[in-house]
Amino acid sequence: MFLGSRNTTIVSLSDIQDARARIDGITVRTPLLTVEHDGRTLYLKPENLQPIGAFKLRGAYNKIASLTDAERLRGVITYSSGNHAQGVAYAARALGTKAVIVMPRNAPAIKRDATAALGAEIVLVGPSGIERQIKAEELAASHGYVIVPPYDDEKIIAGQGTAGLEILEDLPEVELVLVPVGGGGLISGISTAIKLSKPEAKIVGVEPELAGDAQASFRAGEIVKFPADQVLQTCADGLRAQYIGTMTFEHIRRYVDDIVTVTEDNIMAAARLLAANPKSVAEPSGAVATAAWMFHRKSLPESKFTVAVISGGNIDPVLLKQIHS
């Protein structure tokens, strides 16, 4: 790793390769699938097939496995609306470490219950991401827990970047990769892995219009914060970050070509298309990249070989039923 502007750590290709060796045998090497729409073929990276139903296990395990024995003995804590919570709980259980998760009370029950089933201690707070981060920091200071951030951490970013290495191996001719953006950890890792291996490939982030803070930040050249009451309106609960991280923003500025936004209707239509195949069922957050490919072709770089990342598939059963109806 090396320091970028403003003394922010930038993850290296070797960091991602080290993470890959560390998580081997824990995460699933998800295969590329295809979906057809309007006579076009899209390749899918189905991270919904991970043991926790989302990509977050990659970064969480890499981070916790990188801690010293003394640090793991203290226990770990994180703040998350669901998928990172499960990733930390799963990794902590595998490594024999106590996990405490600060979650919003409005987190989907499917994610909250799954986190509890993995043996984590859950602390519930209000809906804002800032509120749960503050609570986690307070508990860490009181009990000595090690914080495992959801995205703004070099070990987290490196772990998520392993998905990028797999995309390149399975589709060397890839020209465009579409990646969901919440706090920016996934796109930071994937863009680093791909741009340092195949610089001509394009990386485009995708987020809901209601939570378009990453696009606003990308355009402004500085981190822009969105109000909590606005981002909470999107159905993509995993992408309700009010602002991207300092470290992830530097990776995005260095390696990402553009960020586009999609509407709520776009997201649900994409989720419906993906739900036709049991292997590609996506929660709304996981469907945004496909939505961009379906509805915003003119906003994307020309590409014959495009990959859309399905970041997660932990969809509420009631919502899934509505999608199928």
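Check the entry above for the structure.
Residues numbered from 1 in each chain as written. Predicted model: local features only at pLDDT ≥ 70, side-chain atom pairs only at ≥ 80, totals over all residues. Heavy atoms only, no water.

(A) Quick peek at the packing of helix α8 (residues 185–195) against helix α11 (residues 246–255). At a minimum axis separation of 9 Å, α8 and α11 run at an interaxial angle of 40°. Considered as vectors, α8 and α11 are oriented oblique to each other. Considering the relative orientation of α8 and α11, their crossing is left-handed. On α11, the residues that touch Gly185, Ile187, Ser188, Ser191, Thr192 and Lys195 of α8 are Thr248, His251, Ile252 and Tyr255. Partitioned by chemical class, the residues of the contact of α8 with α11 number three nonpolar, six polar and one charged. (Axes fitted to C-alpha atoms, helices over the stretch in contact; angles between N-to-C directions. Helix = DSSP H or I, 4+ residues; strand = E, 2+ residues; numbered from the N terminus. Parallel < 35°, antiparallel > 145°, perpendicular 65-115°, else oblique. Left-handed = near helix turned anticlockwise from the far one by under 90°. Contact = heavy atoms within 4.5 Å. Nonpolar A, V, L, I, M, F, W, Y, C, P; charged D, E, K, R; others polar.)

(B) Highlighting the pattern of salt bridges. Per the stated rule, a full pass over the model turns up 14 salt bridges. The salt bridge involving Lys98 is made with Glu121; its shortest N-O contact spans 3.5 Å. Remark: Glu121 occurs in strand β7 (residues 121–125) and Lys98 occurs in the loop between α4 (83–94) and β6 (99–104); sequence separation between them is 23 residues. Classification of Glu121 as partly exposed rests on a relative accessible area of 39%. A salt bridge links Lys111 to Asp237, with the nearest nitrogen and oxygen atoms 2.7 Å apart. With Lys111 in helix α5 (residues 109–117) and Asp237 in the loop between α10 (228–231) and α11, this pair connects stretches of sequence that are 126 residues apart. Among the residues examined, Lys111 registers a relative accessible area of 1% and is labelled buried. (Salt bridge = Lys/Arg side-chain N within 4 Å of Asp/Glu carboxyl O. Buried < 20%, exposed > 50% of the residue type's maximum accessible area, 1.4 Å probe, protein only.)

(C) Focus on the environment of Ile203. With respect to the helices and strands, the residue Ile203 is situated in strand β10 (residues 202–208). Linking Ile203 and Val256, residues 53 residues apart in sequence, is a C-alpha distance of 5.2 Å. Not counting residues up to four positions away in its chain, the partners in contact with Ile203 are Val177, Val179, Ile187, Ser191, Ile194, Lys195, Tyr255, Val256, Asp257 and Asp258.

(D) Seen up close, helix α13 (residues 284–295). Helix length check: α13, at 12 residues, gives a terminal C-alpha distance of 15 Å against a target of 16 Å (1.5 Å per residue), a fit within 8%. The set of residues buried in α13 consists of Pro284, Ser285, Gly286, Ala287, Val288, Ala289, Thr290, Ala291, Ala292, Trp293 and Met294. (Expected span 1.5 Å × (residues − 1).)

(E) Spotlight on the sheet that holds strand β4 (residues 40–46). With respect to topology, six strands assemble into an open sheet ordered β3-β4-β12-β9-β10-β11, the strand pairing being mixed. Of all the strands in the sheet, just β3 (33–37) and β11 (258–262) have a single pairing partner and so form its edges. In this sheet, adjacent strand axes meet at a mean angle of 30° when their direction is disregarded. Note that β10 and β11 share five bridges and pair parallel. Bridge pairing in β11 places Glu207 opposite Thr261. This element, helix α7 (residues 154–170), spans β4, β9 (176–180) and β12 (306–310) of the sheet and lies at about 140° to β4. (Pairing = 2+ DSSP bridges.)

Taken by themselves, the reported measurements are silent on function.
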